[in-house]
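# Results of the structural survey
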Amino acid sequence: MSDKAVITCALNGVLTDPKQHNVPVTPEQMAREAKAAFDAGASIMHIHLRQQAPDKGHLPSWEVSVSKEIQQAIREACPGVIINHTSGVSGPNYNGALDCIRETRPEIAACNAGSLNYLKVKADNSWAWPPMMFDNAVEKVKDYLDVMNAVGTIPEFECFDVGIVRCVGMYRQVGMYKGPLEYNFVMGVASGMPSDPDLLPILIKLKRPEAQFQVTAIGREEIWPLHQRCAELGGHLRTGLEDAFYLADGKKVTSNGQLIDAIAACARRAGREIASPAEARKIFGTNR
């Protein structure tokens, strides 16, 4: 167990519409939200890229120039901050994501470790969106890992289900990746693992013993007991407007800083201090 809890802020995500929710899109907005989260205790900023043209901020972008501008703005606002870059793409064309990692060399990048039927059903028993496959075949995972290995980026293995957790150990066994290990247990997706605190000890048992872990909890106020349990079990912590809009009391937030304040309180209640960026680098084994 790490005495220090590393906090990641997931600033904006890929699905949230800035016309409906207060998510940042431009470099200036990303820097402002990152500063609020940084001041509240976040050492790592997980970023998604959005198109920058007017009225296009709800659409993803894989332009290297956008990634560079956003990262520069965040680093200027938050000295010493660690960047965790998105990489998730459905379908066979993920060259844009590979290019962003290759050209910008973030300290950490998401590496989705397995496939998931991405589903949700509405109250009227109809699909919330057309059923889709978030495909992450082994060959695709290897392509990401090869690029990350080449530029010194640490993969954060995103695990949406129990079997995916077990796959990460196999990637290690066959030599696809040999560096520091970090699992991200993604819990709360309707067709993936539920945001159930009782499931967390099982996931910890299944990960490689030397690996760090954190939880991404997706949902409303019901996710906060899971965050608290993660802090108590020695995990690192993540929240942000990609994952949630509500505090434990049901209050809707307007800024990432409010969510980071709340998750830092989870760590302190568990008797843990908040890691600085320098301490987070040591914990996760980054070499920058």
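Above this text you will find the structure in question.
Note that the structure is predicted; figures quoted are calculated from it, not measured.

In this section: helix α8 (residues 256-269). Taking 1.5 Å as the rise per residue, α8 with 14 residues should run 20 Å; its terminal C-alpha atoms sit 20 Å apart, in good agreement. Turning to α8, the residues buried within the fold contact β1 (4-5), β2 (7-10), α1 (27-40), α7 (224-232), β11 (236-239) and β12 (273-274). By the N-cap criterion, in which a side-chain oxygen at the helix start approaches the backbone nitrogen of a residue two or three places on, α8 is capped by S255, the distance to G257 being 3.1 Å. Following α8 by one or two positions, G271 has its phi on the positive side, about 80°.

If you walk around this closed barrel you meet the eight strands as β2-β3-β4-β5-β8-β9-β10-β11, and the pairing is parallel. Each strand of the sheet is rotated relative to its neighbour by a mean of 25°, with strand direction disregarded. Bridge analysis of β2 against strand β3 (residues 44-47) gives three bridges, and the strand direction is parallel. Looking at the pairing, A10 lines up with H46 of β3. Docked against the sheet, α7 engages β9 (182-187), β10 (212-217) and β11, running at close to 155° with respect to β11. Of the strands in this sheet, β2 and β11 are in contact with α8, which crosses β2 at around 155°.

Take the nonpolar core next. M45, I74, Y144, F157, Y183 and F185 are the most contacted members of the largest nonpolar core, which totals 88 residues. In this structure, F185 is in contact with C159, V165, M193, L200, L203, I204, K207, F213, Q214, V215 and T216, ignoring residues within four places of it in sequence.

So, about the pairing of strand β5 (residues 108-112). With five of its five residues buried, β5 lies for the most part within the structure. Along β5, one buried face is formed by I108, A110 and N112 and the opposite face, lined by A109 and C111, is buried too. Direction of pairing for strand β4 (residues 82-85) relative to β5: parallel, over a ladder of two bridges. For H85, the partnering residue across the bridge sits in β5 and is A109. Between β4 and its parallel partner β5, the chain crosses via helix α3 (residues 95-104), and the hand of that crossover is right-handed. Two strands pair when backbone bridges link them, and β5 and strand β8 (residues 154-159) are joined in this way by five bridges, in the parallel orientation. Residue pairing in the sheet places N112 in a bridge with E158 of β8.

The next thing to look at is the side chain of H236. Residue position: H236 is located in strand β11. At a separation of 3.0 Å, a polar atom in the side chain of H236 contacts the main-chain amide nitrogen of V6.

With that out of the way, let us pick up unusual backbone geometry. Residues other than glycine seldom take positive phi values, yet D55 does so here, at roughly 65°. Assignment of secondary structure puts D55 in the loop between β3 and α2 (64-77). Among the residues examined, D55 registers a relative accessible area of 56% and is labelled exposed. Unlike most non-glycine residues, N125 shows phi in positive territory, near 70°.

As used here, a disulfide is simply a covalent bond connecting the sulfur atoms of two cysteines. Under the criterion given, the structure shown has zero disulfides. Sulfur of C78: no disulfide; nearest cysteine sulfur belongs to C9 and is 9.5 Å away.

Counted by the stated rule, this structure contains seven aromatic pairs. With a centroid separation of 5.8 Å and 65° between ring planes, the pair formed by F157 and Y177 is classed as edge-to-face. With F157 in strand β8 and Y177 in the loop between α5 (162-173) and β9, this pair connects stretches of sequence that are 20 residues apart. As far as burial versus exposure is concerned, F157 and Y177 are alike and both buried. Every member of this aromatic cluster is reached through a ring pair, and the members are F157, Y171 and Y177. The residue whose ring lies beneath R220 is Y246, and the NZ or CZ to ring-centre distance is 4.0 Å.

What counts, and where the lines are drawn
- Residues numbered from 1 in each chain as written.
- Predicted model: local features only at pLDDT ≥ 70, side-chain atom pairs only at ≥ 80, totals over all residues.
- Heavy atoms only, no water.
- Helix = DSSP H or I, 4+ residues; strand = E, 2+ residues; numbered from the N terminus.
- Expected span 1.5 Å × (residues − 1).
- Contact = heavy atoms within 4.5 Å.
- Polar contact = N/O pair within 3.5 Å; in protein donor to acceptor, adjacent residues only side chain to side chain.
- Pairing = 2+ DSSP bridges.
- Axes fitted to C-alpha atoms, helices over the stretch in contact; angles between N-to-C directions.
- Core = buried A, V, L, I, M, F, W, Y, C linked by side-chain atoms within 4.5 Å.
- Buried < 20%, exposed > 50% of the residue type's maximum accessible area, 1.4 Å probe, protein only.
- Right-handed = clockwise from strand over helix to strand, strands pointing away.
- Disulfide = S-S within 2.5 Å.
- Phe/Tyr/Trp six-rings, centres within 6.5 Å; stacked < 30°, edge-to-face > 60°.
- Lys NZ or Arg CZ within 6 Å of the ring centre and 35° of its normal.

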